[in-house]
Amino acid sequence: MSSQPRLLEVRKNVLKQNDLIARSLRDRFGAQGTCVVSLVSSPGAGKTAFLEKTLTLLHPTCRVAALVGDLATENDAIRLARSQAPVKQITTGTLCHLEAAMVERALAEWNPGPLDFLFIENVGNLVCPSSYDLGENLRLVLLSVTEGEDKPLKYPTIFNSADVAIVTKIDLAAAVEFDESAVSANIQAVRPGMRQFSVSAKTGAGIDAWLQFLTGEVRQAAAN
Amino acid sequence: MDRPRSPRLGPAMHELSIAMSIVDLALDEARERRVTIDAVYLDLGPLSGVVADALRFSWEIACQDTALQGSRLLIREIPVEIHCSTCNANRTLDSVQWLCCPVCGTPALEVIHGKELAIIALEVRDEQPAAAPRSA
């Protein structure tokens, strides 16, 4: 016979384990002077092209490297390696997002040396990555002009969890009649005060402003 | 009690791995306190990025072959609450698509509730102690 049921009060953050690892990563990066930037978006929004452009332009003056998560294939790592920066692929198998432990494991078997910036490209997915802290200083959410202006309203949680919004492929804006003010209003609705950059990795438009922000304000904030 | 995360359990739903984390935490608690768990009470906010229905759907699979098999998951959904700096008051929001004060419209920079993803209580029964050996 079993005893009477009773209620036991506990308070346990479900993602405690992930958050602990993320905190230790953040501490480690902080001590090494490395600023960590993660990228999330839906598949095909242009994370890899944007990151390749960013790595290529930063590589001559900063120590940069990238970790890139994908369900399968090493195609993104191969593309990013063209920037000459060290790149490591994390193949997640069936997992739809990166977790802090996967970043920790990747860094245990891969040492890119001292870095100014480490970029972590998440699996293309606007839902699952939002819950997991990866120890980053800055989380970018990317959105391409071909995806529709209401994307932030459809995926408010990921936009709310991110620090900066990057509108990509603006070279296609006219062709798809992209309404930039509408997307801005939607971003501000789900994440008031969010910084926003509009860029084209193809033409280079807007990339300077992004890099200035990254190497100035972001790096300084991460160092403090 | 530890079991490998089976890749056969399917892709593209992080609620399953969240459910497995909840099970693992509850199992730790059960071991530590020597109790059997009948139900897990969870607080869940819409900004946690976790969907209640998907979590309920994953629960049974996550509990399979553990001491939590047959247990219930009871989810309390916590609404988003913001602090409005203009009104100097806390406000509850109906939607996560418009993070503004519902009274004055000021954009909300401070979210107070809505990110919860926490076990708050367990419904438990004490484990029956094994029959004590009779003293001679």
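Scroll up to find the structure this text is about.
Here we summarise the structure given alongside this text.

Conventions adopted
- Residues numbered from 1 in each chain as written.
- Chains lettered and ligands numbered in written order.
- Predicted model: local features only at pLDDT ≥ 70, side-chain atom pairs only at ≥ 80, totals over all residues.
- Heavy atoms only, no water.
- Helix = DSSP H or I, 4+ residues; strand = E, 2+ residues; numbered from the N terminus.
- Contact = heavy atoms within 4.5 Å.
- Areas by Shrake-Rupley, 256 points an atom, 1.4 Å probe, with all protein chains shown as cover.
- Buried area = accessible area lost by both parts, 1.4 Å probe.
- Salt bridge = Lys/Arg side-chain N within 4 Å of Asp/Glu carboxyl O.
- Polar contact = N/O pair within 3.5 Å; in protein donor to acceptor, adjacent residues only side chain to side chain.
- Pairing = 2+ DSSP bridges.
- Axes fitted to C-alpha atoms, helices over the stretch in contact; angles between N-to-C directions.

What follows concerns the overall build of chain B. Per the secondary structure count, chain B includes two helices and six strands. Reading chain B from its N end, one meets helices and strands in the order α-β-α-β-β-β-β-β. In chain B, once contacts between residues fewer than 6 apart in sequence are set aside, the share between residues at least 24 apart is 67%. Only carbon and sulfur atoms are counted for the fraction: they give 51% of the accessible area of chain B, which is about 7600 Å².

Turning to the environment of Ser181 of chain A, a few remarks are in order. Turning to its location among the elements, Ser181 of chain A is positioned in helix H7 (residues 180-190). Separated by 32 residues in the primary sequence, Ser181 of chain A and Glu149 of chain A have C-alpha atoms spaced 9.0 Å apart.

Facing the 42 residues of chain B at the interface are 34 residues of chain A. For the pair chain B and chain A, the two sides together bury roughly 3200 Å², of which 59% comes from carbon and sulfur. One can count three salt bridges joining chain B with chain A. Close ionic contact of Glu29 of chain B with Lys12 of chain A constitutes a salt bridge, the shortest N to O distance being 3.3 Å. If you look at where chain B meets chain A, you find twelve residue pairs in polar contact (both at pLDDT 80 or more). Elements with a minimum of two residues in the side of chain B that touches chain A: helix H1 (14-33), strand S1 (35-44) and strand S6 (117-126) of chain B. Sort the elements by how many residues they give to the side of chain B that touches chain A and S6 of chain B lands first, with ten residues. Pairing of strand S1 (residues 6-13) of chain A with S6 of chain B, which is carried by six bridges, proceeds in the antiparallel orientation.

Turning our attention to the sheet that holds strand S4 (residues 87-91) of chain A. Residues and elements named next belong to chain A. Spatially, the seven strands line up as an open sheet ordered S4-S3-S5-S2-S6-S7-S8, and their pairing is parallel. Of all strands in the sheet, those bounded by a partner on one side alone are S4 and strand S8 (195-198). Sheet twist, expressed as the average angle between the axes of neighbouring strands with direction ignored, equals 20 degrees. With five bridges connecting them, strand S6 (residues 138-144) and strand S7 (residues 164-168) associate as parallel partners. For Leu140, the partnering residue across the bridge sits in S7 and is Val164. Against the sheet, helix H2 (residues 47-58) makes contact with strand S2 (35-40), strand S3 (64-70), strand S5 (117-121), S6 and S7, and its axis sits at roughly 170 degrees relative to S5, the strand it touches most.

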